[in-house]
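# Structural overview
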Number of protein chains: 2
Amino acid sequence: MLTPAEAEERILAAMPPAAAEDCPLAEAQGRVLRSGLRADRDLPPFDRATMDGYALRTSALAAGGRSFRIEAVQPAGQPARALGSAADACIEIMTGAPLPAGADAVVPYEETEREGEVMTVAPGLALAPGNAIHRRGSDHRAGEIVVPAGIRLSGREIAVAAACGCPTVVVSRLPAIAVVASGDELVEVTAPVADHQIRRSNDYALRAALVLAGYPRVERFHSRDEPAALADLLRRVLAEFDVVLLTGGVSRGRFDLIPAELERQGVRKILHGVAQRPGKPLWFGVGDRRQPVFALPGNPVSAYLCLHRYVLPALAASAGLTPGPRPRVPLAERFVFRPKLARFLPVRLRAGPGGGQEAVPVPGNTSGDFAGLVGTDGFVELPAGTDEFPAGWLAPFWPWS
Amino acid sequence: MLTPAEAEERILAAMPPAAAEDCPLAEAQGRVLRSGLRADRDLPPFDRATMDGYALRTSALAAGGRSFRIEAVQPAGQPARALGSAADACIEIMTGAPLPAGADAVVPYEETEREGEVMTVAPGLALAPGNAIHRRGSDHRAGEIVVPAGIRLSGREIAVAAACGCPTVVVSRLPAIAVVASGDELVEVTAPVADHQIRRSNDYALRAALVLAGYPRVERFHSRDEPAALADLLRRVLAEFDVVLLTGGVSRGRFDLIPAELERQGVRKILHGVAQRPGKPLWFGVGDRRQPVFALPGNPVSAYLCLHRYVLPALAASAGLTPGPRPRVPLAERFVFRPKLARFLPVRLRAGPGGGQEAVPVPGNTSGDFAGLVGTDGFVELPAGTDEFPAGWLAPFWPWS
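Report follows, based on the coordinates.

This next bit is on helix α4 (residues 202-212) of chain A. At 3.6 residues per turn, the α-helix brings residues three or four places apart onto the same side. All names here are of chain A. Across the eleven residues that make up α4, a large majority, eleven, are buried. Considered for burial, the residues of α4 that qualify are Asn202, Asp203, Tyr204, Ala205, Leu206, Arg207, Ala208, Ala209, Leu210, Val211 and Leu212. Downstream of α4 by one or two residues, glycine 214 has phi in the positive range, about 105°.

Here's what the structure looks like:
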């Protein structure tokens with residue numbers, strides 16, 4: 001059986017790259033940038049005052065000048081003025097304004113006193129050229145890449161795009177994702193429920209986690225364990241969606257029809273079964289339009305873990321997101337796990353004795369329901385081949401979305 | 001001057017609690033739950049098979065029985081059958097199905113062989129009562145609170161709500177937030193830009209960060225440094241929005257009109273100035289409808305840091321989110337900061353020598369632009385009163401939204 005890392009590698013290799021599209025800046029938060037952002041001019045575009053005060057020549061200060069004549073005001077949003085040639089000339093200047101020609105520093109209000117049109121600096125004040133000035137081009141030169149492709153856009157990168165004059169950015173298209181819950185025992189939350197039935201919750205959980213992870217185009221479906229209805233529904237979602245997630249129906253019971261029906265409909269199996277608990281029956285294949293199909297176990301916790309361990313990284317790879325290193329968190333206490341399988345262990349993060357974060361195992365029932373995951377922050381992966389993991393062991397950590 | 005902690009305390013004390021409203025489950029991800037979710041029946045609602053296999057009596061196995069007659073099939077979604085009274089009776093059972101009356105365990109397929117209607121268990125197999133069964137009520141009893149109020153809803157809690165039969169949940173109303181960028185030097189990204197002008201980016205950054213943090217109702221405005229226009233715009237946003245964020249115009253330059261105009265319009269000042277760099281001129285007040293008004297510095301990095309340090313925690317408190325402990329991350333290298341102010345230091349997280357995360361300072365230009373924040377993950381707060389912070393010092397960490 002494949003290890004989780006091997007399964008992940010096969011899945012990532014099979015993921016088709018998402019198409020790119022233009023997106024208006026005001027809708028771009030959370031989208032993955034596909035084309036790096038270049039500065040269209042120097043950043044900052046001019047020598048800019050970073051404090052309110054007076055623009056002057058530091059040479060005049062160095063020569064012992066203490067009193068300066070205030071010649072003018074330099075507000076933000078107006079072209080740079082020019083400082084008079086007299087050594088004691090200064091111009092009052094506002095934060096964000098361009099430095100007047102001839103001046104080389106700004107002395108902030110706090111270091112000055114003013115009487116009428118004469119400003120006096122504090123006794124003993126020395127000022128280096130460039131004081132309280134954000135120099136033209138000191139962040140970036142025109143033409144340089146300021147934001148590389150392959151990142152998820154947040155406030156700061158969107159602000160850079162705005163500063164660089166990009167009203168739209170090139171991002172990965174959002175996949176349309178179908179989530180199909182299967183099982184005769186499932187009823188919708190609004191319907192009456194009999195003693196032997198349970199309400200649909202997997203599809204709600206997967207959809208919400210996908211939306212929170214930045215994939216809002218998710219539709220939920222339900223299939224009964226009836227071959228013709230299942231075949232129809234699979235045909236429809238394979239035709240209409242970019243990614244298909246199924247839950248339930250992938251283990252070996254008599255009513256588990258999904259893998260066979262998928263292969264009948266031209267979905268090529270890439271893997272079935274991973275040496276992990278929970279989530280062993282995981283199935284993954286690729287449809288005839290290269291659309292990825294994940295058949296997750298029906299067990300709620302398994303499906304949710306597999307979504308975070310495999311589906312979200314696969315979607316990120318498809319979007320062109322540059323993967324970062326997986327964070328590691330020390331276990332807060334010893335954990336023993338004997339089966340020859342990797343263990344996905346839900347954890348709660350807390351401040352450890354040294355103050356850094358540590359992971360408290362919340363093993364619950366591996367076949368349990370979502371109630372057991374409330375209050376957890378994610379899960380760690382404990383590899384097969386070791387029975388006992390001591391407190392302090394650094395475990396790779398997957399946060400919940 | 002106030003410390004950051006004192007400023008935060010005053011802000012939190014002044015925040016009005018958000019109203020509560022019903023929200024359909026399919027739109028509830030990211031919303032803050034205001035009323036705890038109760039189990040409407042036991043969870044799980046019946047003794048449920050967690051594997052495919054055969055339901056039987058463990059007493060029969062303990063007495064040496066190895067072969068069992070398969071009486072029937074118990075699929076998921078059908079009422080529980082009853083096991084015949086013969087010791088060698090068993091019922092084939094599917095994952096998710098209710099345990100037949102009389103049976104007390106499930107033996108998985110893997111441990112059995114089958115010939116016709118006779119199943120034989122593996123030699124030496126011992127089985128405890130409850131094997132491969134998720135017991136009725138073992139997660140929660142009917143009537144118990146399963147998800148407490150005060151948390152942000154993600155996939156797992158929404159799934160619990162679905163399982164408990166809640167098609168809607170009670171959540172905090174999302175505030176309508178106005179973001180007003182002020183300054184004559186600012187032009188919109190789509191407009192031509194002169195050498196001495198800069199493009200609006202603060203309002204894009206703040207809006208995107210707010211949306212990503214779960215507050216999608218954000219509108220951007222621009223005000224020139226002109227008293228009548230500013231007064232009109234402030235009147236409008238104070239009337240129409242629940243929260244007002246302003247950037248620029250709060251330091252002491254001649255054109256910094258905002259604090260005076262806010263007070264003229266009945267916004268009561270709670271604080272002006274915090275002993276921090278950057279962000280010292282921060283202003284906060286409360287309007288006559290209790291609406292919070294944050295006047296952030298115009299400097300992009302300052303505004304963005306103050307959003308994360310004060311505004312997002314204040315919105316979370318208003319929504320009723322139970323605050324967790326602030327994570328702490330060790331500094332990857334020594335950092336020296338002499339002024340008697342708290343320092344907000346942007347950092348990049350990376351795996352440290354022990355494998356846990358550490359924070360690499362990215363000091364940049366404290367008056368810098370957003371370009372300097374690209375590639376950072378958040379910021380740490382270094383308190384005033386210490387000049388030198390050694391490598392390994394555990395710093396409170398605020399992630400970017």
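What follows is about the interface of chain B and chain A. A common way to express how large an interface is: the accessible area buried when the components associate. Contacts between the two partners involve 89 residues from chain B and, on the opposite side, 89 residues from chain A. Tallied by class, the residues present in the side of chain B that touches chain A amount to 46 nonpolar, 30 polar and 13 charged.

Residues and elements named next belong to chain B. If you walk across this open sheet you meet the six strands as β16-β13-β17-β21-β20-β18, and the pairing is mixed. The open sheet has two edge strands with one neighbour each: β16 (218-223) and β18 (268-272). Neighbouring strand axes in the sheet, compared pairwise and without regard to direction, differ in orientation by 20° on average. Bridge analysis of strand β17 (residues 243-247) against strand β21 (residues 292-296) gives four bridges, and the strand direction is parallel. Note on β21: the bridge partner recorded for threonine 247 is leucine 296. Packed onto the sheet, helix α1 (residues 4-14) meets β18, β20 (283-286) and β21 and runs at close to 160° relative to β18. Those strands touched by helix α4 (residues 202-212) are β13 (177-182), β16 and β17, and its axis lies near 160° from that of β13.

All names here are of chain A. Spatially, the six strands line up as an open sheet ordered β16-β13-β17-β21-β20-β18, and their pairing is mixed. Whereas interior strands pair on both sides, the edge strands pair on one side only; in this sheet they are β16 (218-223) and β18 (268-272). For this sheet the average axis-to-axis angle between neighbouring strands, irrespective of direction, equals 20°. In terms of strand pairing, strand β13 (residues 177-182) meets β16 through six bridges, oriented parallel. Residue pairing in the sheet places valine 180 in a bridge with phenylalanine 221 of β16.

This next bit is on the nonpolar core. Grouped together as the largest cluster of nonpolar side chains are 185 residues, with contacts concentrated most on Ile158(A), Val160(A), Val169(A), Leu245(A), Ile158(B), Val160(B) and Leu245(B). Val169(A) has contacts with Cys23(A), Leu25(A), Ala28(A), Leu33(A), Leu37(A), Leu153(A) and Ala161(A), leaving out every residue within four places of it along the chain.

All names here are of chain A. Packing of helix α1 (residues 4-14) against helix α7 (residues 300-319) brings their axes to within 10 Å, and their N-to-C directions diverge by 35°. The hand of the α1/α7 crossing is right-handed. Between α1 and α7, the residues in contact are Pro4, Ala7, Glu8, Ile11 and Leu12 and Arg309, Tyr310, Pro313, Ala314 and Ala317, respectively. Here the contact of α1 with α7 is built from residues that sort into eight nonpolar, no polar and two charged.

Following Leu43(A), the chain continues to Pro44(A) via a peptide bond in cis, the omega torsion being -10°. Looking at the secondary structure, you find Pro44(A) in the loop between β2 (37-38) and β3 (48-49). Cis geometry marks the peptide bond from Arg277(B) to Pro278(B), where omega comes out at -10°. By the secondary structure assignment, Pro278(B) is in the loop between β19 (276-277) and β20. Look at Ala132(B): it is not a glycine, yet its phi comes out positive at around 55°. Inspection of the secondary structure assignment puts Ala132(B) in the loop between β9 (118-121) and β10 (133-134). The phi angle at Arg290(B) is positive, at roughly 70°, despite the residue not being glycine. By secondary structure assignment, the location of Arg290(B) is in the loop between β20 and β21.

Before going further, it helps to spend a moment on the relation of the copies chain B and chain A. Turning one copy of the chain about an axis and sliding it along that axis gives the other copy, so a rotation and a shift relate them. The operation relating chain B to chain A is a screw motion whose rotation component is 180°, with 0.0 Å of axial translation and a residual RMSD of 0.1 Å. Classification of the inter-copy transformation places it as that of a two-fold axis. Mapped onto chain A, 100% of the interface residues of chain B are again interface residues, and the two copies thus contact each other with one and the same surface.

Here is what the cut-offs are and how they apply
Residues numbered from 1 in each chain as written. Chains lettered and ligands numbered in written order. Predicted model: local features only at pLDDT ≥ 70, side-chain atom pairs only at ≥ 80, totals over all residues. Buried ≥ 20, exposed ≤ 12 C-beta atoms within 10 Å, placed from the backbone. Helix = DSSP H or I, 4+ residues; strand = E, 2+ residues; numbered from the N terminus. Contact = placed C-beta atoms within 7 Å. Nonpolar A, V, L, I, M, F, W, Y, C, P; charged D, E, K, R; others polar. Pairing = 2+ DSSP bridges. Axes fitted to C-alpha atoms, helices over the stretch in contact; angles between N-to-C directions. Core = buried A, V, L, I, M, F, W, Y, C linked by C-beta atoms within 7 Å. Left-handed = near helix turned anticlockwise from the far one by under 90°. Least-squares fit on C-alpha atoms with pLDDT ≥ 70 in both.

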